[in-house]
Amino acid sequence: MLLTDYFYPNPDLSWDIALSCGVQHGTIRLPEDADFDVTSPSHLHTVTDRFRSRGITPIIVEPLPNALHDHIKIGDAQRDMCIEKFICLMKNLREEGIHTVCYNFMAHYGWTRTAKNLAERGGAHVTGFSLADFRPDETLLSHEQMWNNYQYFIKAVIPYAERYDIRLALHPDDPPLPSLGGVARIFTSLEAIRRGIQVVPSSHLGVTFCQACYHLMGERLEDAIPALADKIFFVHFRNVCGDKTCFRETYHDNGEIDMAAAMRLYARYGVDVPIRVDHVPTMPWEQSSAAGYDAIGRLFAIGYLKGIMQGVEPEHHASVM
Ligand SMILES: [Mn+2]
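Quick caveat: nothing in here was measured; it's all calculated off a predicted structure. (Residues numbered from 1 in each chain as written. Predicted model: local features only at pLDDT ≥ 70, side-chain atom pairs only at ≥ 80, totals over all residues. Heavy atoms only, no water.)

### Details of the coordination of the manganese ion
Ligation of the manganese ion by protein atoms is provided by His171 (NE2), Cys210 (SG), His236 (ND1) and Asp278 (OD), these donors lying 2.2 to 2.5 Å from the ion. In primary sequence terms, the donor set of the manganese ion follows H-x38-C-x25-H-x41-D. With His171 in strand E7 (residues 167-171) and His236 in strand E11 (residues 232-237), this residue pair connects regions lying 65 residues apart in the sequence. Assessed through its relative accessible area of 1%, His236 is described here as buried. (Donors = N, O, S within 2.8 Å, 3.2 Å for Na, K, Ca; no water. Helix = DSSP H or I, 4+ residues; strand = E, 2+ residues; numbered from the N terminus. Buried < 20%, exposed > 50% of the residue type's maximum accessible area, 1.4 Å probe, protein only.)

### A closer look at the packing of aromatic side chains
Throughout the structure, instances matching the rule amount to 21 aromatic pairs. The interplanar angle of 45° and the centroid separation of 5.9 Å between the aromatic rings of Trp111 and Tyr293 together place this pair among those described as tilted. Linking Trp111 in the loop between strand E4 (100-104) and strand E5 (115-120) with Tyr293 in the loop between strand E14 (274-277) and helix H10 (297-312), this pair joins segments that are 182 residues apart in sequence. In this structure, Arg79 is placed above the aromatic ring of Tyr152, and the distance from its NZ or CZ to the ring centre is 3.7 Å. Against the face of Tyr251 rests Arg121, its NZ or CZ located 4.4 Å from the ring centre. (Phe/Tyr/Trp six-rings, centres within 6.5 Å; stacked < 30°, edge-to-face > 60°. Lys NZ or Arg CZ within 6 Å of the ring centre and 35° of its normal.)

### Points about the layout of surface pockets
When its volume is computed, the largest pocket comes out at roughly 400 Å³. Lining the largest pocket are 25 residues, and of these Arg29, Pro63, Asn104, Met106 and Trp111 lie nearest its centre. Counting only elements with at least two residues in the lining of the largest pocket, the list comes to helix H3 (66-74) and E4. The dominant element in the lining of the largest pocket, judged by the number of residues it contributes, is H3, at three residues. (1 Å grid on protein atoms, 1.4 Å probe; cavity = no way out; pocket = protein on both sides within 12 Å on 5 of 7 lines; lining within 4 Å. Points joined across faces, edges and corners; volume = space filled by probe spheres on them.)

Here is the structure:
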């Protein structure tokens with residue numbers, strides 16, 4: 001496994017914490033302000049250079065920029081223009097040595113939580129979701145529309161993903177409910193994910209294995225990891241308690257998933273890909289700026305991940321230094 005962490009495009013405390021933990025590779029979010037042109041090689045280079053100058057090599061982009069993806073997921077009049085821009089972005093990513101894009105196909109509602117202040121060990125806080133507390137907007141997209149929009153997108157971009165050697169890594173729906181606020185969700189089971197990555201047979205179409213989403217689907221990791229092994233391009237190391245209608249995030253050592261057992265499964269089935277911690281707690285005394293993505297909780301999460309990686313894959317000790 002290759003240790004990465006998630007970075008916003010401008011340096012912040014997360015950068016320093018990751019560097020302190022020995023992280024050398026980045027899963028990066030591209031700027032979302034109007035000044036950033038996703039089709040511009042020089043704009044992209046400015047961002048990647050910022051990382052490299054601090055000793056972080058960007059290797060993954062996550063998510064596919066929302067300004068493009070929302071139109072693609074909804075399938076509106078700007079869809080084709082956005083697909084063209086994404087193809088251009090893939091070409092530019094190759095030039096920067098970035099070969100993986102983590103994308104999802106949740107329309108209108110991305111990863112959704114209904115609480116940000118649930119108590120976790122020692123005075124920390126985590127986010128959570130309860131369907132009973134969810135208040136939807138007035139929207140409607142059917143299961144069939146979402147599948148059609150997904151297939152339209154994949155068929156349009158896969159030939160270029162292959163040409164530019166960009167691996168598209170599908171993240172499951174979070175939470176994995178059949179619909180949320182009148183919007184159908186189509187990647188809510190192992191079977192649906194398998195169907196999704198078979199829309200076009202391609203070595204460049206696979207998954208981001210967000211462990212907790214599969215657990216919340218009710219899938220066993222002992223089944224899901226072997227079933228997807230050669231299609232796992234990226235792992236989200238995440239733990240939770242609960243089920244898809246009501247759950248909360250946890251410290252990475254304090255949820256229902258046996259994290260060391262998951263790592264042993266990756267090793268046993270030959271999954272040797274980039275990995276990052278996902279949804280960390282907000283620590284006591286920490287001012288939250290992005291619940292689930294605050295900085296200080298990463299210190300424990302990355303250290304815990306690194307320890308498990310070294311315990312399961314001692315031969316990889318040097319690569320995660
Ligand atoms: Mn995830």
